[in-house]
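A closer look at the structure
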Amino acid sequence: MNSFFNDLSFSLNATIPIFLMMILGWLLTKFKIFDEPAAKKLSQFSFKILLPAMLFSDLSSADFTAIWDTKYVLFCLIVTVCSILIAALLSCLHRDKSERGEFIQASYRSSAAVLGIAFVNNIYGSSQMASLMIIGTVPLYNIMAVVILSLTSPQKDKHKSPKEIFLKTLKDVLTNPIIIGIAAGIIWSLLEIPQPVIMQKSVSYLSNMASPVSLIALGALFKIEDAKSKLRVSCFITSVKLVLFCLLFLPAAVYMGFEGEKLVAILVMLGSATTGSCFVMAKNMGHKGVITSCSVMITTLFSSLTLTLWLFILKSMQYV
């Protein structure tokens, strides 16, 4: 019995503080301390400055040759490819072809950067394994999102050539702040460049703000009323995002020998909420964005329960 409560306490201590920050963000908008434009600016600040700074801080100060795990990065990459293919097949069940691109993106694309870093950092005090997971997922997330949304956009330009689509995809990937932060951290670590104290402290200040500010911004942009439309398809996407992928691929991760920090990062990759950036990308590429926004809201709401449950199961089986 003591073991049960210890495992439950471990799981709740890892998940509840994260979602309390999201609730705080939601309350700040309810009490008019934040408005929507301010919340969006805060989210952009976190995505473009704070999260890259945190990733840079973790990787630039690490012995990268010691933490690199080719098998782990390849596993994350292959599982992401499989998740995209499964989401694409399931999207065929949705009658409205113009919404299938949104369906696919909302099903496979996790909050790997925000929740991955926050989750692993909250449990283990570092996010190096989350960074490796992001290397195997985020570039592919962005590449496939651009391709899928371009090909399925109701407003797509039929005259746009494959070369133009490829160049736009490449630009979006190379200018992604998360990718830039990871690349800069890896290069800094491999070249063993010393960090001046002023730079180290400045980056550390930004790094320490990354998780709480990101989560507050995510909560501030949450709108319960938006989840009422497209409820049925969004609930189906939620079951795929939070349950199906974990059922399929967590056993495979355990079989491959991943545990501890690595397994928690994989759990977040598979079973965290659909990232809010999906909505921005869908809207900017000619989609209505209703399915995407609803999926973000519902997966965010229920992931607090499912992530706690999955973490409790892994903890009780002594894998984390």
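For the structure, see preceding data.
Because the structure is a prediction, the values reported are computed rather than measured. (Residues numbered from 1 in each chain as written. Predicted model: local features only at pLDDT ≥ 70, side-chain atom pairs only at ≥ 80, totals over all residues. Heavy atoms only, no water.)

1. Comments concerning the packing of helix H2 (residues 36-60) against helix H10 (residues 197-220)
Here H2 crosses H10 at 140°, and the two axes come no closer than 7 Å. Judged on the interaxial angle alone, H10 and H2 are oblique. Remark: the crossing between H2 and H10 carries left-handed chirality. Seen from H2, the contacting residues are Ala39, Leu42, Ser43, Ser46, Ile49, Leu50, Leu51, Ala53, Met54, Phe56 and Ser57; seen from H10, they are Met199, Val203, Leu206, Ser207, Met209, Ala210, Ser211, Val213, Ser214, Ile216, Ala217 and Ala220. (Axes fitted to C-alpha atoms, helices over the stretch in contact; angles between N-to-C directions. Helix = DSSP H or I, 4+ residues; strand = E, 2+ residues; numbered from the N terminus. Parallel < 35°, antiparallel > 145°, perpendicular 65-115°, else oblique. Left-handed = near helix turned anticlockwise from the far one by under 90°. Contact = heavy atoms within 4.5 Å.)

2. Comments concerning the pattern of salt bridges
Scanning all chains against the criterion turns up two salt bridges. Taking the shortest distance from any N to any O, the salt bridge between Lys40 and Glu36 comes out at 3.3 Å. Of this pair, Lys40 and Glu36 both sit in helix H2, separated by four residues, roughly a single helical turn. Judged by relative accessible area, which is 33%, Glu36 ranks as partly exposed. (Salt bridge = Lys/Arg side-chain N within 4 Å of Asp/Glu carboxyl O. Buried < 20%, exposed > 50% of the residue type's maximum accessible area, 1.4 Å probe, protein only.)

3. Some thoughts on empty space enclosed by the protein
A complete count under the given rule lists one cavity of 30 Å³ or more for this structure. Considered as a void within the structure, the largest cavity measures approximately 50 Å³ in volume. Every residue along the wall of the largest cavity is listed here: Val79, Thr80, Ser83, Tyr108, Tyr141, Lys241, Phe245, Met269 and Leu270. Put simply, the parts of the chain that give the lining of the largest cavity at least two residues each are helix H4 (70-91), helix H11 (231-255) and helix H12 (260-271). With three residues, H4 is the single largest residue contributor to the lining of the largest cavity. (1 Å grid on protein atoms, 1.4 Å probe; cavity = no way out; pocket = protein on both sides within 12 Å on 5 of 7 lines; lining within 4 Å. Points joined across faces, edges and corners; volume = space filled by probe spheres on them.)

4. Structural notes on H11
Taking 1.5 Å per residue as the helical rise, H11 with its 25 residues ought to reach 36 Å, and the 36 Å between its terminal C-alpha atoms agrees with that figure. A maximum bend of about 45° is found in H11 at Cys246. For H11, every residue scored as buried is listed here: Val233, Ser234, Ile237, Thr238, Val240, Lys241, Leu242, Phe245, Cys246, Phe249, Leu250 and Ala253. On its buried face, H11 sits against H4, helix H5 (100-108), H12 and helix H14 (290-316). (Expected span 1.5 Å × (residues − 1). Bend = angle between axes of the 7 residues up to and from the residue.)

5. Quick notes on the nonpolar core
With 70 residues, the main nonpolar core has Tyr72, Met133, Leu250, Ile266, Leu267, Met269 and Leu270 as its most contacted residues. A per-element tally of this core places helix H7 (residues 128-152) first, with 12 residues. Discounting chain neighbours no more than four positions away, the residues touching Ile266 are Tyr72, Phe75, Cys76, Leu250, Ala253 and Phe258. (Core = buried A, V, L, I, M, F, W, Y, C linked by side-chain atoms within 4.5 Å.)

6. A short note on unusual backbone geometry
Positive phi, normally seen in glycine, also occurs at Lys32, with a value near 65°. Relative to the elements of secondary structure, Lys32 occurs in the loop between helix H1 (2-30) and H2. With relative accessibility at 71%, the residue Lys32 sits in the exposed group. Phi at Glu192 takes a positive value of approximately 55°, unusual for a residue other than glycine. With respect to the helices, strands and loops of the structure, Glu192 is situated in the loop between helix H9 (177-190) and H10. Residue Glu192 is classed as exposed on the basis of its relative accessible area of 68%.

7. A word on the packing of H4 against H11
When two helices pack together, their arrangement is given by the angle between the helix axes and by the axis-to-axis distance. Following both chains from N to C, one finds H4 and H11 inclined at 140°, their axes separated by 11 Å at the closest point. One way to sum up the angle between H4 and H11 is to call them oblique. Crossing hand, H4 versus H11: right-handed. Mapping the contact onto sequence places Phe75, Val79, Cys82, Ser83, Ile86 and Leu90 in H4 and Phe236, Val240, Leu244, Phe245, Leu248, Phe249, Ala252 and Ala253 in H11. Grouping the amino acids of the contact of H4 with H11 by side-chain chemistry returns 13 nonpolar, one polar and no charged. (Nonpolar A, V, L, I, M, F, W, Y, C, P; charged D, E, K, R; others polar.)

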